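Architecture at a glance
Residues per chain are reported as follows:
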Amino acid sequence: MNFTPKKDEELNSFEVFPKGEYDFEVIKAIDEISKAGNPMIKLEIDIFAPDGCKSRVFDYLLESIAYKLKHFCEAVKLHNEYETGNITADMCSGRSGRCVISIKHDKTGEYPDKNEVRDYCKIEKKVDDINSEDLPF
């Protein structure tokens, strides 16, 4: 039997985290076509727990899930690109932000529980990010 050896951290990369808000990093992004024939971006994301543990989840950005697409762009500072109506996988790779994770339970009992991205968290503006034209005075 041929196989790819894995390190312990790789074997634990699918640990199920409790639902909540976590930091994330896009490890890989691929432009694909959905089963319904629509363009989408498939994301492979590492999420990070406060104790330093990480887990890997997969997510899909589609125009039909408009809130998630917009919130992802806001979370990873792709505001301007979002406004043009054109986002590519290359723009997403290596980006980071915060997301809301939930737990998906398999109703058949055939598969283990897994995390899924419920939504992405908009970045709040910091003083350094505010342009002078944003100020009220």
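These remarks concern the structure in this document. Note that the coordinates shown come from a computational prediction; the quantities given were computed from them, not determined experimentally.

Core analysis: the biggest nonpolar cluster contains 25 residues, and F24, L43, I45, I47, F72, C92 and Y120 have the highest contact counts within it. The residues contacting I47, other than those within four sequence positions of it, are F17, Y22, D23, F24, C53, K54, S55, V57, C99, I101 and N115.

What follows concerns the side chain of E44. Relative to the helices and strands, E44 resides in strand β2 (residues 39–48). By relative accessible area, which is 16% here, E44 ends up buried. If we ignore the near neighbours within four places in the chain, the residues touching E44 are E25, V26, I27, K28, R56, V57 and F58.

Right, let's get into the sheet that holds strand β4 (residues 96–104). Taken in spatial order, the 5 strands make up an open sheet running β3-β2-β1-β4-β5, and their pairing is antiparallel. Pairing within the sheet leaves two strands with one partner each, and these edge strands are β3 (54–62) and β5 (114–121). Each strand of the sheet is rotated relative to its neighbour by a mean of 45°, with strand direction disregarded. Of the strand pairs in this sheet, β4 and β5 are connected by 7 bridges, and their pairing is antiparallel.

If you trace the backbone, E21 turns up in strand β1 (residues 20–33). Sequence separation of E21 and F48 is 27 residues, and the distance between their C-alpha atoms is 9.7 Å. Those residues in contact with E21 that lie beyond four places of it in its chain are R98, C99, V100 and C121. A distance of 2.9 Å separates polar atoms of two side chains, one belonging to E21 and the other to R98.

Below, the discussion takes up the packing of aromatic side chains. Here the structure, examined in full by the defined rule, presents 4 aromatic pairs. Ring plane angle 45° and centroid distance 5.3 Å describe the contact between F17 and Y22, whose orientation is recorded as tilted. Residue classification places F17 among the buried positions, given a relative accessible area of 3%. Exposure remark for Y22: the relative accessible area of 8% places this residue in the buried category. Within the aromatic cluster, the residues linked to one another by ring pairs are F24, F72 and Y120.

Conventions used here
- Each chain carries its own residue numbering, running from 1 in the written order of its sequence.
- In view of the model being predicted, local features appear only for residues whose pLDDT reaches at least 70, and side-chain atom pairs are presented and counted only at 80 or more, with totals across whole chains, interfaces and linings using the full set of residues.
- Note: side-chain values were computed over all heavy atoms of the structure, leaving out hydrogens and water.
- Here, nonpolar core means buried Ala, Val, Leu, Ile, Met, Phe, Trp, Tyr and Cys residues that are tied together by side-chain atoms lying within 4.5 Å of each other.
- The buried label applies to any residue whose accessible area, calculated with a 1.4 Å probe on protein chains only, is under 20% of its type's maximum; exposed applies above 50%, and partly exposed to all values in between.
- Throughout, a contact is declared for two residues whenever any of their heavy atoms are within 4.5 Å.
- Helix and strand assignments come from DSSP, with helices taken as H or I runs of at least 4 residues and strands as E runs of at least 2, each series counted from the N terminus.
- A pair of strands counts as paired when DSSP detects no fewer than two bridges linking them.
- Angles here are taken between N-to-C directions and fall from 0 to 180 degrees, while the axes themselves are lines fitted to C-alpha atoms, restricted in helices to the stretch in contact.
- Think of a polar contact as two N or O atoms within 3.5 Å of one another; within protein, one of them needs to be a possible hydrogen donor and the other a possible acceptor, and neighboring residues in sequence only count if both atoms come from side chains.
- Pairing of aromatic side chains here covers Phe, Tyr and the six-membered ring of Trp, requires ring centres within 6.5 Å, and sorts the geometry by plane angle: under 30 degrees stacked, over 60 edge-to-face, intermediate tilted.

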